[in-house]
Amino acid sequence: MNKKIFTERRSVNFFDTSRELDKETFNSIMDLASLTPSSFNLQPWRVIAVHSEKEKERLLPLAWNQPKIKEAPYTLIIIGDKSGFKENAAIWNKLEEGLGKETADKLKGMAEGLYGTSDERMTRFALTNGSLLAMSIMYAAKAFGVDSHTMSGIDYEAIKKEYKLNDSEEVVLLVSLGYHDNSKELYPRGYRKTGSEFIEVI
Ligand SMILES: Cc1cc2nc3c(=O)[nH]c(=O)nc-3n(C[C@H](O)[C@H](O)[C@H](O)COP(=O)(O)O)c2cc1C
C-alpha cells in the first residue's frame, strides 16, 4: 500500500486558482473512489460537482463563505440517500445481476430490518456510507496527486433546499478538489492521537 496517500494528504486551505483539474483526472478519481465499501454494496449516494464560476457563487454563501469554494476547481456536494436500501432502490437491479434474485431478496429483507426501523437508523445509513465515499474521494485524489479539503462548516438545510434534494436525501459533507497554492504555507500537521491512545484491546 502506498502510505504516502495518508502521510501527504492534508486539508488544503489554499487552492491554486491558476491550476485547473482536468476532466480525465477528475473522472479517474471518482472511478477509483467508487471502489469504497458500502452497506450491502448499495452505494446510497450521489454527488453534485460544483465547477462553473456561477455555481461556485451559488454555493459560497451556503458554506460560510469559505474561500475554498471559489478557489478550488471543484467542490463536491456529497449526498446520502436515507432510502437507498429500500426494496424499490434502483441499485438492487444491478446487484441482482451478480447475486441472483433469491440472494438479493434475502438481502433486501435484511437491509430493511437493519436500517428501516427508525428515522435515526435511516439517517445513519445515509451519513455513514456518504462519509466513507467522501474519505475515499480524498485518498483517491491524493493517489492522483490532487489535493482536497472536506467541510462540514456548511448550512445543511439551506443546501438541501437550494439544490432541491429529495426528502430522503441528506447533505453529508462538501469536498473541494484541486492543487495546493504552494505560495501559501499550510499549518503544520496538527497533533494526532497515537493508536495506543484511542484503542482499548479487549
Ligand atoms: C468532517 C470534517 C469537517 C471539516 N470541516 C471543515 C470546515 O468546514 N472548514 C475547514 O476549514 N476545515 C474543515 N475540516 C478540516 C479539519 O480541520 C482538518 O481535517 C484537521 O484540522 C486535520 O488537518 P489535516 O486534514 O490537514 O490533517 C473538516 C474535517 C472533517 C473531517
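### Notes on the overall build of the chain
Counting its secondary structure elements, the chain contains 9 helices and 4 strands. The C-alpha atoms of the chain give a radius of gyration of 18 Å, which matches the 17 Å a tight globule of 202 residues would have. Oriented by its inertia axes, the alpha-carbon framework of the chain measures out at about 55 × 45 × 30 Å. By sequence separation, contacts in the chain at least 24 residues apart represent 80% of the contacts at least 6 residues apart. Total accessible area on the chain is roughly 11,900 Å²; 53% of this is exposed by carbon and sulfur atoms. Within the chain, one finds 28 positive and 30 negative side-chain charges whose respective centroids are separated by 2 Å.

### Quick look at the packing of helix α2 (residues 23-33) against helix α7 (residues 119-143)
For the pair α2 and α7, interaxial distance at closest approach is 8 Å and the crossing angle is 130 degrees. It follows that α2 is oblique to α7 by the angle criterion. Crossing of α2 against α7: the hand is right-handed. Residues I29, M30, L32 and A33 of α2 form the contact with α7, whose own contacting residues are L133, S136, I137, A140, A141 and A143. When the residues that make up the contact of α2 with α7 are grouped by side-chain class, the tally is 9 nonpolar, 1 polar and no charged.

### Here's the deal with the pattern of salt bridges
The tally for this structure, following the rule as stated, stands at 16 salt bridges. With its nearest N and O atoms 3.9 Å apart, the salt bridge here joins K160 to E170. Of the two residues, K160 sits in helix α8 (residues 156-162) while E170 sits in strand β4 (residues 169-178), which places them 10 residues apart along the sequence.

### Structural notes on the pairing of strand β3 (residues 147-151)
Burial analysis of β3 places 4 of its 5 residues in the buried class, the great majority of the element. Strand direction decides the pairing type here: β3 and β4, joined by 5 bridges, are antiparallel. Each residue of the ladder has a partner; that of S148, found in β4, is L177.

### With respect to a nonpolar patch on the surface
A surface patch of nonpolar side chains, amounting to about 300 Å² of accessible area, comprises L32, L35 and F144. Along the chain, the position of F144 falls in the loop between α7 and β3.

### A word on the packing of helix α5 (residues 91-99) against helix α6 (residues 101-115)
Following both chains from N to C, one finds α5 and α6 inclined at 130 degrees, their axes separated by 7 Å at the closest point. Here α6 runs oblique to α5, going by the angle between their axes. As α5 packs across α6, the resulting crossing turns out to be right-handed. Residues W92, E96 and L99 of α5 lie in contact with α6, whose contacting residues are K101, T103, A104, L107, K108 and A111. Residues belonging to the contact of α5 with α6 are distributed by class as follows: 5 nonpolar, 1 polar and 3 charged.

### Examining the sheet that holds β3
By way of backbone hydrogen bonds, the strands of a sheet pair with one another, either parallel or antiparallel. If you walk across this open sheet you meet the 4 strands as β1-β2-β4-β3, and the pairing is antiparallel. Two strands bound the open sheet, and with one partner strand each, they are β1 (45-50) and β3. On average, each strand axis in the sheet is tilted by 25 degrees relative to the strand beside it, whichever way the strands run. Taken together, the 8 bridges between strand β2 (residues 74-81) and β4 define a ladder with antiparallel strand orientation.

Procedures and definitions
- Residues numbered from 1 in each chain as written.
- Predicted model: local features only at pLDDT ≥ 70, side-chain atom pairs only at ≥ 80, totals over all residues.
- Heavy atoms only, no water.
- Helix = DSSP H or I, 4+ residues; strand = E, 2+ residues; numbered from the N terminus.
- Rg over C-alpha atoms; globule rule 2.2 N^0.38 Å.
- Contact = heavy atoms within 4.5 Å.
- Areas by Shrake-Rupley, 256 points an atom, 1.4 Å probe, with all protein chains shown as cover.
- Lys, Arg positive; Asp, Glu negative; His and termini not counted.
- Charge placed at Lys NZ, Arg CZ, Asp CG, Glu CD.
- Axes fitted to C-alpha atoms, helices over the stretch in contact; angles between N-to-C directions.
- Parallel < 35°, antiparallel > 145°, perpendicular 65-115°, else oblique.
- Left-handed = near helix turned anticlockwise from the far one by under 90°.
- Nonpolar A, V, L, I, M, F, W, Y, C, P; charged D, E, K, R; others polar.
- Salt bridge = Lys/Arg side-chain N within 4 Å of Asp/Glu carboxyl O.
- Buried < 20%, exposed > 50% of the residue type's maximum accessible area, 1.4 Å probe, protein only.
- Pairing = 2+ DSSP bridges.
- Patch = residues over 30% accessible without salt bridge, like charges linked within 9 Å, V, L, I, M, F, W, Y side chains within 5 Å.

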